[in-house]
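# Remarks on the overall topology
One-letter residues, chain by chain:
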There are 2 protein chains.
Amino acid sequence: MESKNISKAVIRRLPRYYRYLSDLKDSGVERISSQDLSALMRITASQVRQDLNCFGGFGQQGYGYNVESLYKEIANILGLDQQYTAIVIGAGNMGKSIAQYKNFSRRGFNIIAVFDNDPSVIGTKISDFEVKSITELEDFVGNNKVDVAMLTVPREVTRDVAEKVVALGIKGIWNFSPMGLLVSDESVVVENVHLSDSLMVLGYRLRNSRLT
Amino acid sequence: MESKNISKAVIRRLPRYYRYLSDLKDSGVERISSQDLSALMRITASQVRQDLNCFGGFGQQGYGYNVESLYKEIANILGLDQQYTAIVIGAGNMGKSIAQYKNFSRRGFNIIAVFDNDPSVIGTKISDFEVKSITELEDFVGNNKVDVAMLTVPREVTRDVAEKVVALGIKGIWNFSPMGLLVSDESVVVENVHLSDSLMVLGYRLRNSRLT
């Protein structure tokens with residue numbers, strides 16, 4: 001199986017497949033048809049079959065998919081057994097929330113430090129972390145392997161902070177700034193979180209509430 | 001134009017079209033081909049044409065799409081001129097972050113109150129909001145039009161809080177609990193925010209970094 005052949009659109013759907021299959025597994029469901037899976041995923045059954053064929057997750061005619069094995073296969077593709085180290089930059093409410101969120105380490109993302117530039121915040125505690133000064137970032141990254149920087153800084157400084165992070169050799173950025181971020185270094189991976197997108201869909205659905 | 005004919009998958013892409021068109025407009029770009037738009041959107045050009053045809057956003061051969069008019073059309077479909085009232089339930093870090101976030105009101109979502117059940121939090125200030133006791137929720141909803149409840153409560157109480165909100169007649173739920181939420185009342189619209197999905201995609205891309 002060559003993961004490079006999996007399209008970006010399919011990859012972006014995999015976490016959702018993973019969640020639904022996890023729920024099914026926990027509910028004791030052993031197999032599921034592409035029809036039923038498509039209803040959960042809100043895409044067509046043919047799209048489900050096409051998605052899962054991409055990585056060899058073949059259903060059997062008249063049987064459907066084995067929930068447990070499909071679940072494991074998707075976890076494997078997503079690399080959920082991998083471990084990553086992450087730092088949070090920006091110890092505002094979002095940064096605090098991220099730093100305290102237990103679920104990320106279950107996905108292999110282990111936060112090891114939190115940074116801020118505000119003297120009144122530096123040195124305060126967030127869970128087990130004592131917030132470090134941003135001036136310590138370079139030394140910290142020099143002395144610790146850091147895979148991902150989670151950016152929860154104000155919009156106007158996001159680009160500068162991102163450039164600094166990239167210059168220090170960090171290869172992954174999880175950006176919470178409402179400004180979508182592009183970095184010049186192609187070897188760096190950026191995922192932007194756009195909370196407003198979900199809110200716009202909610203607004204649409206409120207006005208067209210037959211659309212579920 | 002009959003918005004009910006627009007598929008859910010297209011609706012979920014509209015906020016991204018909207019963001020990219022907004023950036024293009026701000027950069028002074030007047031028109032864009034389906035090819036260039038598809039590169040931004042990371043879907044095929046034929047998917048772009050199909051999406052935009054759904055709501056009559058026809059490009060012209062050899063010209064492409066007019067950025068300004070497509071932008072306005074999508075804003076119109078998403079109903080970004082609409083105004084909604086919202087309350088935040090759960091005044092932890094995520095709740096505080098949401099309550100202070102300026103961008104949501106730009107999207108028409110106006111937060112009017114924040115609730116919690118923790119006596120040490122009730123009465124404290126978040127921006128202009130004095131955190132109310134959850135025991136005041138029923139009276140508040142009786143006296144104020146509330147379109148959306150934004151739930152930032154712990155996983156284990158999410159279902160109970162959602163049921164209470166639904167019983168009070170609130171028709172929209174924006175759920176930040178890591179547990180995806182389903183409610184029994186079909187007239188209620190739920191949008192779940194799954195931050196971990198984006199993180200899983202980041203992990204995948206870190207290990208397959210040619211995939212952008």
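Residues numbered from 1 in each chain as written. Chains lettered and ligands numbered in written order. Predicted model: local features only at pLDDT ≥ 70, side-chain atom pairs only at ≥ 80, totals over all residues. Heavy atoms only, no water.

## As for the packing of helix α1 (residues 8-26) of chain A against helix α3 (residues 45-53) of chain A
Residue and element names in this part refer to chain A. At a minimum axis separation of 11 Å, α1 and α3 run at an interaxial angle of 105°. Considering the angle they form, α1 stands roughly perpendicular to α3. Between α1, through Val 10, Arg 13 and Tyr 17, and α3, the contact on the second element is made entirely by Gln 47, Val 48, Asp 51 and Leu 52. Along the lines of polarity and charge, the residues of the contact of α1 with α3 split into 4 nonpolar, 1 polar and 2 charged. (Axes fitted to C-alpha atoms, helices over the stretch in contact; angles between N-to-C directions. Helix = DSSP H or I, 4+ residues; strand = E, 2+ residues; numbered from the N terminus. Parallel < 35°, antiparallel > 145°, perpendicular 65-115°, else oblique. Contact = heavy atoms within 4.5 Å. Nonpolar A, V, L, I, M, F, W, Y, C, P; charged D, E, K, R; others polar.)

## Let's talk about a negative patch on the surface
All names here are of chain A. A surface patch of negative charge is lined by Glu 130, Glu 136, Glu 138 and Asp 139. Of note, Glu 136 is situated in the loop between β7 (132-133) and α7 (137-143). For Glu 136, a relative accessible area of 36% translates into the label partly exposed. (Patch = residues over 30% accessible without salt bridge, like charges linked within 9 Å, V, L, I, M, F, W, Y side chains within 5 Å. Areas by Shrake-Rupley, 256 points an atom, 1.4 Å probe, with all protein chains shown as cover. Salt bridge = Lys/Arg side-chain N within 4 Å of Asp/Glu carboxyl O. Lys, Arg positive; Asp, Glu negative; His and termini not counted. Charge placed at Lys NZ, Arg CZ, Asp CG, Glu CD. Buried < 20%, exposed > 50% of the residue type's maximum accessible area, 1.4 Å probe, protein only.)

## Examining the sheet that holds strand β8 (residues 148-151) of chain B
Pairing is parallel across the open sheet formed by 6 strands, whose spatial order is β7-β4-β3-β8-β9-β10 (chain B). In this open sheet, the two strands that pair with only one neighbour each are β7 (132-133) and β10 (189-192) of chain B. Lying on the sheet, helix α9 (residues 195-207) of chain A is in contact with β3 (84-89), β4 (109-116), β8, β9 (172-175) and β10 of chain B; it crosses β10(B) at an angle near 170°. (Pairing = 2+ DSSP bridges.)

## Let's talk about the sheet that holds β7(A)
The strand order β7-β4-β3-β8-β9-β10 (chain A) describes an open sheet built from 6 strands, whose pairing is parallel. Each edge of the sheet is formed by a strand with only one pairing partner; in this case those strands are β7 and β10 (189-192) of chain A. Contacting β3 (84-89), β4 (109-116), β8 (148-151), β9 (172-175) and β10 of chain A, helix α9 (residues 195-207) of chain B runs over the sheet at an angle of about 170° to β10(A).

## Focus on the nonpolar core
Core analysis: the largest hydrophobic core is formed by 50 residues, its most contacted members being Trp174(A) and Trp174(B). Filtering out sequence-adjacent residues up to four positions away, Trp174(A) remains in contact with Ile98(A), Phe104(A), Val148(A), Ala149(A), Met150(A), Leu151(A), Glu191(A), Val193(A), Leu195(B), Ser198(B), Leu199(B) and Leu202(B). (Core = buried A, V, L, I, M, F, W, Y, C linked by side-chain atoms within 4.5 Å.)

## Side note on helix α4 (residues 67-78) of chain A
Compared with the 16 Å implied by 1.5 Å per residue over 12 residues, the 16 Å span of α4(A) between its first and last C-alpha is a close match. For α4(A), the set of buried residues is Val67(A), Leu70(A), Tyr71(A), Ile74(A), Ala75(A), Ile77(A) and Leu78(A). Take α4(A) and look down its axis: the buried residues cluster within an arc of 160°, on one side only. Turned more than 90 degrees from where α4(A) packs its buried face, Lys72(A) and Asn76(A) sit exposed. Among the structural elements, α1, β1 (31-32), α2 (34-41), α3 and β2 (65-66) of chain A together with α9 of chain B are those in contact with the buried residues of α4(A). Looking one or two residues past α4(A), Gly79(A) carries a phi angle of roughly 70°, positive in sign. (Expected span 1.5 Å × (residues − 1). Arc of directions from axis to C-beta.)

## A closer look at the environment of Trp174(B)
If you trace the backbone, Trp174(B) turns up in strand β9. For the pair formed by Trp174(B) and Thr152(B), sequence separation is 22 residues and the distance between their alpha carbons is 8.8 Å. Ignoring anything within four residues of it in the chain, the contact list for Trp174(B) reads Leu195(A), Ser198(A), Leu199(A), Leu202(A), Ile98(B), Phe104(B), Val148(B), Ala149(B), Met150(B), Leu151(B), Glu191(B) and Val193(B). At a separation of 2.6 Å, a polar atom in the side chain of Trp174(B) contacts the side chain of Ser198(A). (Polar contact = N/O pair within 3.5 Å; in protein donor to acceptor, adjacent residues only side chain to side chain.)

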